[in-house]
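# Residue-level structural notes
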Protein chains: 2
Amino acid sequence: MTTIKEVAKLAGVSVATVSRALNNSGYVSEEARKKVESAVKELNFYPNEVARSLYQKKSKLIGLLLPDIANPFFPLIAKGVEDGVNQRGYSLLLGNVEDDLEKEKDYLKIFAQNNIAGVISAVQGDIKDLQNMPFVLLDRVESDQNFSVHSDDYTGGMMAAEAIVSRDPKEIVIMVGPKEVPSSAARLAGNQKVLKDHQLDYQIFQTSSFKFELAEQTAEQFFDTYPNVDSVIASNDVYAIAVMKEALKRGRRIPEDVQIIGYDDMPFSRMMYPGLATIAQPAYEIGYRGAKLLCDILEKGFVEVSRIQLPVILKIRESVRKKDEDE
Amino acid sequence: MTTIKEVAKLAGVSVATVSRALNNSGYVSEEARKKVESAVKELNFYPNEVARSLYQKKSKLIGLLLPDIANPFFPLIAKGVEDGVNQRGYSLLLGNVEDDLEKEKDYLKIFAQNNIAGVISAVQGDIKDLQNMPFVLLDRVESDQNFSVHSDDYTGGMMAAEAIVSRDPKEIVIMVGPKEVPSSAARLAGNQKVLKDHQLDYQIFQTSSFKFELAEQTAEQFFDTYPNVDSVIASNDVYAIAVMKEALKRGRRIPEDVQIIGYDDMPFSRMMYPGLATIAQPAYEIGYRGAKLLCDILEKGFVEVSRIQLPVILKIRESVRKKDEDE
């Protein structure tokens, strides 16, 4: 291994000067810095990222914050982010936050200690702690945040409601995602716009979480609260699948007695029987585009404000009834 | 920020000496090294992991290699690994290999460049490339590898076969996982032991992958090859769910016409309707114990050979028939 002494010798400067140049601290003349840099290059003194990182004050690591890796939507996002950052020579430090504010803070500390170059966050928490580093938000939009990638939740909410409206609904219940999640509000607004336009009544069932572990008990509460529901607009696919199972357990046929539309289009949704109708979010694409955006920010230093909105797609499957002939 | 010069001043040595001590290169007297170390501590010169890593030649990063993050079994393993390493002050560098040998090599290169302390791998590839760093294998066992955590595949295979044997099987087909995966062979051996003991005939359907994307077409081929199958021992839960859907699509009732047992117990398996009977692997525990083992190796330097085998649990759900009364 090349030592700092060899670098100093070749550069014709003292070890202390090399140290100052590498640490970017203290005075180093421009001439000496150039000598050090060319010696460093010639001797290949930075064979590894750690040394390079110390030199440049930034590593080739990007921190990824996910809310719940057990929800199959997020591994797809992670896959997109990973492919995106790898292509640009960065690697991912994983942070699985699990709706835990303390855990999120711990990860940000760890990220800082590792001199990460930037953060990609799909977590719905406070973003104040992120303000001192380059970051991109995924799956949400904030008016005070310039860089984000999300899908079109309002249109998605409209699509889901339209799919139900055109399929002879009798008692509609909207299962709404957690209040603190901006995308839940946007989807609800889209739902309501369509239902209002059609002058249809509906009920709202508020959930407090997207967490996998709570899906089954939430589905039970849902049917206890609305036993006569016949059309469900669910908050996401995990909860939609739990609602489907609970309906079938209660002896109700899908879609004849209860029709359901989800949100996300997880890989499993098409493997259900009946297959789950849903609004497909481009999860991989959200991750990939977010990675690309962050790398642009890191490499170009300045990027125009980018709030990238990706389109969603309606996936009609057997969990909703046949469309009314007159529509 | 503290500079190397301040450290040198407090330690009463030259900057070059501090550099040598920090880089662990060249001669530094024991006395000088102690002075540098206490100055470093006093001035808190290593506020970040990168500097610390350069000093100790190792970072607080652990590389995690996963075969396919879209298979819900692996996010659970990742969650266990993450909790385990976080508790000991390490963080995870994510490597999602996707059955791609080149990608695996690229990740190992990235890991090395980041001075990772060690690797945890759930990938079924060659382990030669890992030999020069501390590593723990998950979900498999190798006779020449001293540190691994896996579950008891042979007993799991026996349990799955026994569950079928005691439920009036007429035509049994074993769907076997990829040949290169050691756990597939162990499960098959367990299946065969039980079927032989009961003198029952069976067919074997060989799959080439555990990949999510191939599950549905594999399930089609499966029924095309064995149209009269009435009892399926599936290679894993993802493939079992695809088989269930294909059976229902072909108008066969579950479990009356076709009964199915899976392997893994993914979170989704219990949310199916009918619920998928399966062999539960402790995915989170496998990850967590693997993380603990690697941290022990890193911190203690020497750990006794540990091939940790965790028990599996039979989960009977509605995808298999009621047990024979006479069993």
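Structure first, text after, so check above.
Residues numbered from 1 in each chain as written. Chains lettered and ligands numbered in written order. Predicted model: local features only at pLDDT ≥ 70, side-chain atom pairs only at ≥ 80, totals over all residues. Heavy atoms only, no water.

### So, the overall build of chain A
Formally: Helix and strand assignments come from DSSP, with helices taken as H or I runs of at least 4 residues and strands as E runs of at least 2, each series counted from the N terminus. Whether two residues touch is decided by their heavy atoms; if any such pair falls within 4.5 Å, the residues are in contact. Throughout, the Shrake-Rupley method with a 1.4 Å probe supplies accessible areas, and for residues the shown protein chains are the sole cover considered.
Within chain A, the regular secondary structure consists of 11 helices and 12 strands. Sequence separation of 24 or more characterises 71% of the internal contacts of chain A that already satisfy a separation of 6 or more. Working note: accessible area of chain A is about 13600 Å², and carbon and sulfur atoms make up 49% of it.

### Here's the deal with the packing of aromatic side chains
Residue and element names in this part refer to chain A. Threshold: Two aromatic rings from Phe, Tyr or Trp, using only the six-membered ring of Trp, form a pair when their centres are within 6.5 Å; if the ring planes differ by under 30 degrees the pair is stacked, by over 60 it is edge-to-face, and anything between is tilted. Each residue gets one of three labels from its accessible area relative to the maximum for its type: buried under 20%, exposed over 50%, partly exposed in between, using a 1.4 Å probe on protein chains only.
In this structure the tally under the stated criterion is 15 aromatic pairs over all chains. Centre to centre, the rings of phenylalanine 73 and phenylalanine 74 are 5.3 Å apart; their planes meet at 75 degrees, and the pair counts as edge-to-face. Residues phenylalanine 73 and phenylalanine 74 agree in their burial class; the two are buried. Taking 6.3 Å as the distance between ring centres and 35 degrees as the angle between the ring planes, the aromatic pair formed by tyrosine 107 and phenylalanine 111 counts as tilted. In this pair, tyrosine 107 and phenylalanine 111 are both assigned in helix α6 (residues 101-113), four residues apart and thus about one turn of the helix distant. Exposure remark for tyrosine 107: the relative accessible area of 3% places this residue in the buried category.

### Here's the deal with the pairing of strand β1 (residues 61-66) of chain B
Residues and elements named next belong to chain B. What counts here: A strand pair is defined by DSSP finding two or more bridges across the two strands.
In terms of residue burial, β1 counts as a mostly covered element, since six of its six residues are buried. In β1, alternate side chains face the same way, and those of Leu61, Gly63 and Leu65 on one face and Ile62, Leu64 and Leu66 on the other are all buried. In terms of strand pairing, β1 meets strand β2 (residues 91-96) through six bridges, oriented parallel. Residue pairing across strands places glycine 63 opposite leucine 93, the latter belonging to β2. Sheet topology places β1 next to strand β3 (residues 118-121); four bridges connect them, and they run parallel. Within the sheet, the bridge partner assigned to leucine 65 lies in β3 and is serine 121.

### Structural notes on the packing of helix α1 (residues 4-11) of chain B against helix α3 (residues 30-43) of chain B
All names here are of chain B. For clarity, the cut-off: To obtain an axis, a line is fitted to C-alpha atoms, over the contacting stretch when the element is a helix, and the angle between two such axes runs from 0 to 180 degrees between their N-to-C directions. Any angle from 65 to 115 degrees is called roughly perpendicular, while one under 35 is roughly parallel, one over 145 is roughly antiparallel, and all others are oblique. The crossing is said to be left-handed when, going from far helix to near helix, the turn is anticlockwise and less than a right angle, and right-handed when the turn is clockwise.
Their axes nearest at 8 Å, the elements α1 and α3 cross at an angle of 125 degrees. Considering the angle they form, α1 stands oblique to α3. Seen along the crossing, α1 lies across α3 with a hand that is right-handed. Between α1 and α3, the residues in contact are Glu6, Val7, Leu10 and Ala11 and Lys35, Val36, Ala39, Val40, Glu42 and Leu43, respectively.

### Remarks on the side chain of threonine 218 of chain B
Here threonine 218 of chain B lies in helix α9 (residues 215-225). Contacts of threonine 218 of chain B, omitting those with residues within four sequence positions, involve Met175, Phe205, Thr207 and Tyr239 of chain B.

### Re the relation of the copies chain B and chain A
Using the following cut-off: Fitting of the copies onto one another was done by least squares over C-alpha atoms, counting residues only where both copies have pLDDT of at least 70.
With an RMSD of 0.3 Å, the operation that places chain B on chain A is a rotation of 180 degrees combined with a shift of 0.1 Å along the axis. Taken together, these values place the two copies in the relation of a two-fold axis. It is leucine 93 of chain B whose C-alpha, among those of chain B, lies nearest the rotation axis, at 2.4 Å. Comparing interface residues between copies, 98% of those in chain B also sit at the interface in chain A, which points to an isologous, same-surface contact.

### A short note on the interface of chain B and chain A
Selection criterion: When two parts are brought into contact, each loses some accessible area as probed by a 1.4 Å sphere; the total of that loss over both is the buried area. Think of a polar contact as two N or O atoms within 3.5 Å of one another; within protein, one of them needs to be a possible hydrogen donor and the other a possible acceptor, and neighboring residues in sequence only count if both atoms come from side chains. Each residue gets one label: Ala, Val, Leu, Ile, Met, Phe, Trp, Tyr, Cys and Pro are nonpolar, Asp, Glu, Lys and Arg are charged, and the others, such as Gly, are polar.
Taken together, the contact pairs 59 residues of chain B with 59 residues of chain A. Both faces considered, chain B and chain A share a buried interface measuring about 5300 Å² in area, 64% of it formed by carbon and sulfur atoms. Linking chain B with chain A are 18 residue pairs in polar contact (both at pLDDT 80 or more), by the criterion used here. Listing elements by their share of the side of chain B that touches chain A, those giving two or more residues are α2 (15-23), α4 (49-56), α5 (73-87), β2, α6 (101-113), α9 and α10 (237-249) of chain B. Examining the composition of the side of chain B that touches chain A, we find that seven residues originate from one element, α5 of chain B, more than from any other. Across the side of chain B that touches chain A, the residue classes break down as 32 nonpolar, 14 polar and 13 charged.

### Focus: the environment of valine 229 of chain A
Residue and element names in this part refer to chain A. Here valine 229 is to be found in the loop between α9 (215-225) and β8 (231-233). By relative accessible area, which is 0% here, valine 229 ends up buried. Along the primary structure valine 229 and glutamate 171 are separated by 58 residues, whereas in three dimensions their C-alpha atoms are 5.1 Å apart. Residue contacts for valine 229: discarding those within four places in its chain leaves Glu171, Val173, Phe222, Phe223, Arg252, Asp257 and Val258.

### Focus: the sheet that holds strand β7 (residues 203-206) of chain A
Residue and element names in this part refer to chain A. Spatially, four strands are ordered β7-β6-β8-β9 in an open sheet, and the strand pairing comes out parallel. One side of each edge strand has no neighbouring strand; the edge strands of this open sheet are β7 and β9 (259-261). Between one strand axis and the next, the sheet turns by 20 degrees as a mean value, whatever way the strands run. Pairing between strand β6 (residues 172-176) and β8: three bridges, direction parallel. Looking across to β8, one finds that isoleucine 172 is bridged to serine 231. Against the sheet, helix α8 (residues 182-197) makes contact with β6, β7 and β8, and its axis sits at roughly 165 degrees relative to β6, the strand it touches most.

### Observations regarding the sheet that holds strand β8 (residues 231-233) of chain B
Residue and element names in this part refer to chain B. Taken in spatial order, the four strands of this open sheet run β7-β6-β8-β9, and their pairing is parallel. Edge positions in the sheet fall to β7 (203-206) and β9 (259-261), since each of these pairs with one other strand and no more. Neighbouring strand axes in the sheet, compared pairwise and without regard to direction, differ in orientation by 20 degrees on average. Relative to β9, β8 is paired through three bridges, and the arrangement is parallel.

### Let's talk about α9 of chain B
Test applied: When we speak of the arc, we mean the arc of directions from the helix axis to the C-beta atoms.
Of the positions making up α9 of chain B, those classed as buried are Ala215, Thr218, Ala219, Phe222 and Phe223 of chain B. Projected onto a plane normal to the axis of α9 of chain B, the buried residues spread over an arc of 135 degrees and lie on a single side.

### Points about the side chain of serine 184 of chain B
The topology assignment puts serine 184 of chain B in helix α8 (residues 182-197). Discounting chain neighbours no more than four positions away, the residues touching serine 184 of chain B are Val176, Gly177, Pro178 and Phe210 of chain B.

### Things to note about helix α3 (residues 30-43) of chain A
All names here are of chain A. Just so we agree on the cut-off: In a helix, the anticipated span is given by 1.5 Å times the number of residues less one.
Its 14 residues give α3 an end-to-end C-alpha distance of 20 Å, which sits within 8% of 20 Å, the value for a rise of 1.5 Å per residue. Within α3, the full set of buried residues consists of Ala32, Arg33, Val36, Ala39 and Val40. Across the axial projection of α3, the buried residues extend over an arc of 130 degrees, all falling on one side. Summarising the geometry of α3, the exposed residues directed more than 90 degrees from the buried face are Glu30, Glu31, Lys34, Lys41 and Glu42.

### A closer look at the pattern of salt bridges
Going by this rule: Within this document, salt bridges are pairs made up of a side-chain nitrogen of Lys or Arg and a carboxyl oxygen of Asp or Glu, the two lying within 4 Å of each other.
Considering all chains together, one arrives at 40 salt bridges over all chains under this definition. With a shortest N-O distance of 3.8 Å, arginine 289 of chain A and glutamate 285 of chain A are connected by a salt bridge. Separated by four residues within a single helix, arginine 289 of chain A and glutamate 285 of chain A lie in helix α11 (residues 283-300), roughly one turn from each other. Here the salt bridges share partners, and the residues they tie into one network are Asp68, Glu98 and Lys103 of chain A together with Lys79 and Asp83 of chain B.

### Considerations on unusual backbone geometry
Note that the residue after isoleucine 254 of chain A, namely proline 255 of chain A, is joined by a cis bond; omega there is 5 degrees. Looking at the secondary structure, you find proline 255 of chain A in the loop between α10 (237-249) and β9. Look at the link from tyrosine 273 of chain B to proline 274 of chain B: it is a cis peptide, with omega at 0 degrees. Mapped onto the elements of the fold, proline 274 of chain B is located in the loop between β9 and β10 (278-280). Positive phi is not limited to glycine here, since aspartate 265 of chain A has a value of about 60 degrees. For aspartate 265 of chain A, the location among the structural elements is in the loop between β9 and β10 (278-280). By relative accessible area, which is 19% here, aspartate 265 of chain A ends up buried. One non-glycine residue, glutamine 199 of chain B, adopts positive backbone phi at about 50 degrees. Relative to the helices and strands, glutamine 199 of chain B is located in the loop between α8 and β7.

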